[in-house]
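Residue strings, one per chain:
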Amino acid sequence: MDKIRFGTAYYNEYLPYERLEQDVEMMKKAGINTVRIAESTWSTCEPQEGAFDFSHVIRVMDAMEAAGIDVVIGTPTYAVPSWMEKSYPEILAETEKGRGIYGARQIMDITHPAYLFYAERMIRKLMECTAYRKCAAGFQLDNETKYYGTAGKNVQRQFVKYLRGKFGDDLNAMNAEFGLDYWSNRVNAWEDFPDVRGTVNGSLGAEFAKFQRILVNRFLNWQADIVNEYRREGRMEYTDQGAGGRPEGAWSVSVGVADDRRNLSG
């Protein structure tokens, strides 16, 4: 870093009238030298499946570059477009309260294969039109990332695999670790492992909550690996989330760190 960054989030696509030029002038007068853009724009950048339009992103970057203002580009993966939910309703997180209803942000299952497929495609398309730009100072991975309560069948299966890796298929050790003999909660075969959302066992519930946080780490590492393919020296990468983080790396600055970094690469 050769300067102290003083910046703001800027969402030109939200504005009901034209004022980009005026906003840039106001930023310059205020001493702002960095803006963050794009992290909330998936439905704008991909209004229909496979139809991409990054014109508003490019337009803002053009204006900032001309003004000497650096830009941090956010991957727009924390709020999914409506067409995705219509095609793949199962991408919405299944929580303790059941399947969510489309509308709010941060409602998806961050482990769902269809979501990850479309998220990767969006990230790569966005990188292709932004990473080479002179004003691109860095990239934000997702936004305020958490696991959003996701606990559906896909997550339950992954949790059982996680436990099998941790206990080496020793069911007696696992039952003893969590005190599952209590109230006849003992598990005597892996295929009989119950849905953890119904557990009354505080130890097992805490382990599942820890595993859900590990999912956040994996998700952000996955995004970072994609963005790193477009890396240029001197650019920064950071996360903006409530739980989870990116392990130490050559060009990463993480905000928020989960309490377990096992099974992470990088």
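In what follows, the structure referred to is the one given above.
Residues numbered from 1 in each chain as written. Predicted model: local features only at pLDDT ≥ 70, side-chain atom pairs only at ≥ 80, totals over all residues. Heavy atoms only, no water.

Undergrad: Looking at this model, I keep getting lost on the overall build of the chain. Mind explaining?
TA: Along the chain, the regular secondary structure elements total eight helices and eight strands. Here the chain holds 266 residues, and the buried ones make up 48% of them. The contacts of the chain with a sequence gap of at least 6 include a subset with a gap of at least 24, amounting to 72%. (Helix = DSSP H or I, 4+ residues; strand = E, 2+ residues; numbered from the N terminus. Buried < 20%, exposed > 50% of the residue type's maximum accessible area, 1.4 Å probe, protein only. Contact = heavy atoms within 4.5 Å.)

Undergrad: Can you help me understand the packing of aromatic side chains in this one?
TA: One pair of aromatic rings is described through two measures. These are the centre distance and the angle between the planes. As enumerated under the stated definition, the model contains 16 aromatic pairs in all. Summarising the aromatic geometry, the rings of Tyr88 and Tyr118 are spaced 5.7 Å apart at their centres and angled 55° between planes, so their arrangement reads as tilted. A residue pair is termed long-range when its members are at least 10 positions apart, and Tyr88 in the loop between helix H4 (82-87) and strand S4 (94-95) and Tyr118 in helix H5 (residues 113-130) qualify at 30 residues. Residue class for Tyr88 comes out partly exposed when judged on its relative accessible area of 27%. The class for Tyr118 is buried, based on a relative accessible area of 3%. Taking the centre distance of 5.2 Å and the plane angle of 20° together, the rings of Tyr182 and Trp183 count as stacked. Residue classification places Tyr182 among the exposed residues on the basis of a relative accessible area of 56%. (Phe/Tyr/Trp six-rings, centres within 6.5 Å; stacked < 30°, edge-to-face > 60°.)

Undergrad: Help me out: how do you make sense of the pairing of strand S3 (residues 70-74) in this one?
TA: Look at any regular strand and the pattern is simple: side chains alternate between the two faces of the sheet. Most of S3 sits out of view: five of its five residues are buried. Burial along S3 is two-sided: the face carrying Asp70, Val72 and Gly74 and the face carrying Val71 and Ile73 are both buried. In terms of strand pairing, strand S2 (residues 34-37) meets S3 through four bridges, oriented parallel. Note on S3: the bridge partner recorded for Arg36 is Val72. (Pairing = 2+ DSSP bridges.)

Undergrad: Honestly, the environment of Tyr102 in this entry has me stumped. Any pointers?
TA: Its location among the elements puts Tyr102 in the loop between strand S5 (98-99) and H5. According to the relative accessible area criterion, Tyr102 is partly exposed, its value standing at 31%. Sequence spacing of Tyr102 and Glu85 is 17 residues, and the spatial spacing of their C-alpha atoms is 7.1 Å. If sequence neighbours within four positions are ignored, Tyr102 has contacts with Val80, Pro81, Ser82, Glu85, Leu92 and Ile107. At a separation of 3.1 Å, a polar atom in the side chain of Tyr102 contacts the main-chain amide nitrogen of Ser82. (Polar contact = N/O pair within 3.5 Å; in protein donor to acceptor, adjacent residues only side chain to side chain.)

Undergrad: What is the right way to look at the nonpolar core in this model?
TA: Nonpolar side chains in soluble globular proteins generally cluster together in the buried interior. Counting residues in hydrophobic clusters, the biggest one holds 68 residues, and the most contacted among them are Met64, Met174 and Phe193. Among all residues touching Met64, those that are not within four sequence positions of it are Tyr10, Leu20, Val24, Met27, Val35, Ile69 and Val71. (Core = buried A, V, L, I, M, F, W, Y, C linked by side-chain atoms within 4.5 Å.)

Undergrad: Got a minute to help me understand helix H8 (residues 202-228) in this structure?
TA: Between the first and last C-alpha of H8 there are 39 Å, a value that for 27 residues agrees with the 39 Å anticipated at 1.5 Å per step. The backbone nitrogen of Ser203 has a side-chain oxygen 3.0 Å away, supplied by the residue at the start of H8, namely Asn201. (Expected span 1.5 Å × (residues − 1).)

Undergrad: It is not clear to me how the environment of Arg186 should be interpreted in this structure. Could you clarify?
TA: Relative to the elements of secondary structure, Arg186 occurs in the loop between helix H7 (171-178) and H8. Placed twelve residues apart in sequence, Arg186 and Met174 show a C-alpha to C-alpha distance of 9.2 Å. Setting aside residues no more than four positions away along its own chain, Arg186 makes contact with Asn172, Asn175, Leu180 and Asp181. Only 3.3 Å separates the side chain of Arg186 from the side chain of Asp181, close enough to count as a polar contact. Reaching out from Arg186, the side chain makes a polar contact with the side chain of Asn188 at a distance of 2.8 Å.

Undergrad: Before we go on, may I ask you to explain the side chain of Asp70 in this structure?
TA: Among the structural elements, Asp70 can be located in strand S3. Beyond its immediate sequence surroundings of up to four residues, Asp70 is in contact with Lys3, Arg5, Asn33, Thr34, Val35, Cys135 and Ala137.

Undergrad: In this structure, what is going on with unusual backbone geometry? I would like to understand it.
TA: Excluding glycine, residues mostly have negative phi values, and the peptide bonds linking residues are mostly trans. With phi around 55°, Gln106 is a residue other than glycine that occupies positive phi space. Counting through the fold element by element, Gln106 comes out in the loop between S5 and H5. Accessibility expressed as a relative area gives 15% for Gln106, which makes it buried. One non-glycine residue with positive phi stands out, namely Asp142, at about 55°. Within the fold, Asp142 resides in strand S6 (residues 136-145). For Asp142, a relative accessible area of 0% corresponds to the buried category.

The values reported here are purely geometric and, on their own, carry no functional implication.
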